[in-house]
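Descriptive analysis of the structure
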Amino acid sequence: MEDRIDSPVLFSVRMHASAEEGHLCGAERLVGADRLAAAASAMLDRAMDRGGARLAHLNIRVTAVDPTRLRRTGLLPVRTVHVPTVDDAWQAAMQLVTGLGVAGTAVRRAAEAIRGGAAREGGNMRGAMIVEAATGARLEPDPDRGVRVTQMDLDERIREAVQGYLVACGAWHPRVLEALILASKTAAVDGVLAELCVSDDPDYTTGYVGSRNLGYVRILNLKAPGDPRGGRAIFVNGARCAGRVIEALERTPYLVSRMDHV
Ligand code: AMP
């Protein structure tokens with residue numbers, strides 16, 4: 001599913017914006033030198049859009065990517081599960097994730113954490129929970145912050161094709177594209193069995209289950225409109241591989257550069 005390659009010169013561009021009361025938004029790109037200024041400027045606009053008057057701190061960090069560490073992977077195929085109620089949506093999510101080899105108790109624990117606020121004081125985490133698939137034990141070193149999946153982007157050469165694909169699937173939205181890139185990287189990391197995501201945007205109620213085996217499965221109505229809680233769980237195949245998985249999620253650069261299924 002993933003290959004190491006000889007690569008172009010790329011820069012990781014990362015943005016983090018916060019208000020006095022905490023995290024507002026972040027963004028992540030891998031771009032060539034010619035797109036650096038545009039990427040940083042778009043991030044600034046996003047932080048202003050999301051943060052408005054609440055914006056207190058904004059960081060944009062640019063780091064050169066070591067070309068020998070860059071990996072390429074394929075875009076996960078997208079499908080959508082239409083279910084009428086939040087309970088049906090969770091049942092569908094549960095079935096998908098257990099079908100990928102995750103124990104029912106592990107999925108239930110992760111679901112309870114996401115629905116109740118996965119950080120210690122019941123708020124949203126900035127990153128993902130890392131959950132042992134067999135037991136449901138949480139393995140992320142900092143349970144408030146979680147693990148941020150970073151260092152990934154879409155290869156410019158397939159951007160238009162991917163947008164066309166999402167339009168054809170009835171799923172086009174910049175937010176879906178971003179999540180799909182993150183999910184494609186996550187699924188490509190050895191040791192990851194599945195990812196479960198619910199947005200923390202109160203107006204966005206569609207979540208997804210991502211995996212190498214099933215692709216990116218959008219699930220409608222995974223929360224009620226107006227609910228600000230959300231979160232991500234990444235299920236790993238045993239506690240022993242957690243360190244390696246976290247290292248890859250946080251630090252190995254991935255470009256999504258193929259659409260194998262189209
Ligand atoms: P979002 O889909 O951006 O609304 O994010 C939903 C949840 O996923 C957030 O509440 C965080 O817990 C988590 N999250 C957001 N961005 C990342 C990331 N880059 N890596 C891991 N988890 C994330």
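I will try to describe carefully the structure that is included in this document.

Parameters and conventions
Residues numbered from 1 in each chain as written. Predicted model: local features only at pLDDT ≥ 70, side-chain atom pairs only at ≥ 80, totals over all residues. Heavy atoms only, no water. Helix = DSSP H or I, 4+ residues; strand = E, 2+ residues; numbered from the N terminus. Buried < 20%, exposed > 50% of the residue type's maximum accessible area, 1.4 Å probe, protein only. Phe/Tyr/Trp six-rings, centres within 6.5 Å; stacked < 30°, edge-to-face > 60°. Lys NZ or Arg CZ within 6 Å of the ring centre and 35° of its normal. Near = heavy atom within 4 Å. Polar contact = N/O pair within 3.5 Å; in protein donor to acceptor, adjacent residues only side chain to side chain. Areas by Shrake-Rupley, 256 points an atom, 1.4 Å probe, with all protein chains shown as cover. Nonpolar A, V, L, I, M, F, W, Y, C, P; charged D, E, K, R; others polar. Axes fitted to C-alpha atoms, helices over the stretch in contact; angles between N-to-C directions. Parallel < 35°, antiparallel > 145°, perpendicular 65-115°, else oblique. Left-handed = near helix turned anticlockwise from the far one by under 90°. Contact = heavy atoms within 4.5 Å.

1. So, unusual backbone geometry
For Gln151, which is not glycine, the phi torsion reads 65° and is therefore positive. With respect to the helices and strands, Gln151 occurs in the loop between strand E7 (129–132) and strand E8 (152–154). Under the relative-accessibility criterion, Gln151 is labelled buried at 14%. Although it is not a glycine, Asn221 adopts a positive phi angle of roughly 60°. Mapping Asn221 onto the fold places it in the loop between strand E11 (215–219) and strand E12 (231–236). Accessibility expressed as a relative area gives 27% for Asn221, which makes it partly exposed.

2. Comments concerning the environment of Arg120
With respect to the element layout, Arg120 can be found in the loop between helix H3 (104–116) and E7. Since its relative accessible area comes to 61%, Arg120 is described here as exposed. It is 9.7 Å that separates the C-alpha atoms of Arg120 and Arg145, two residues lying 25 residues apart in sequence.

3. Here we look at the packing of aromatic side chains
One pass over the full model with this rule turns up one aromatic pair. The positively charged end of Arg175 is found above the aromatic ring belonging to Tyr204, 4.3 Å away from the centroid.

4. Section: the site of the ligand
In the region of the ligand, 14 residues are neighbours, and Met125, Gly127, Val149, Ser199 and Asp200 sit closest. In the model, a nitrogen atom of the ligand is placed 3.2 Å from a nitrogen or oxygen of the Arg148 side chain. Between the ligand and the protein, one listed contact pairs a nitrogen atom with a backbone N or O atom of Val149 at 2.7 Å. Relative to its unbound accessible surface of 480 Å², the ligand loses 85% to contact with the protein. Within the shell around the ligand, the residues separate by chemical class into six nonpolar, four polar and four charged.

5. Brief notes about the packing of helix H4 (residues 156–168) against helix H5 (residues 174–188)
To describe two helices that pack against each other, one gives the angle between their axes and the distance between the axes. One can describe the packing of H4 onto H5 by two numbers: an axis separation of 11 Å at closest approach and a directional angle of 115°. The orientation of H4 relative to H5 falls into the category roughly perpendicular. The element H4 and its partner H5 pack so that their crossing is right-handed. Contact residues: H4 offers Arg159, Val162, Gln163 and Leu166, while H5 offers Val176, Leu177 and Leu180. Along the lines of polarity and charge, the residues of the contact of H4 with H5 split into five nonpolar, one polar and one charged.

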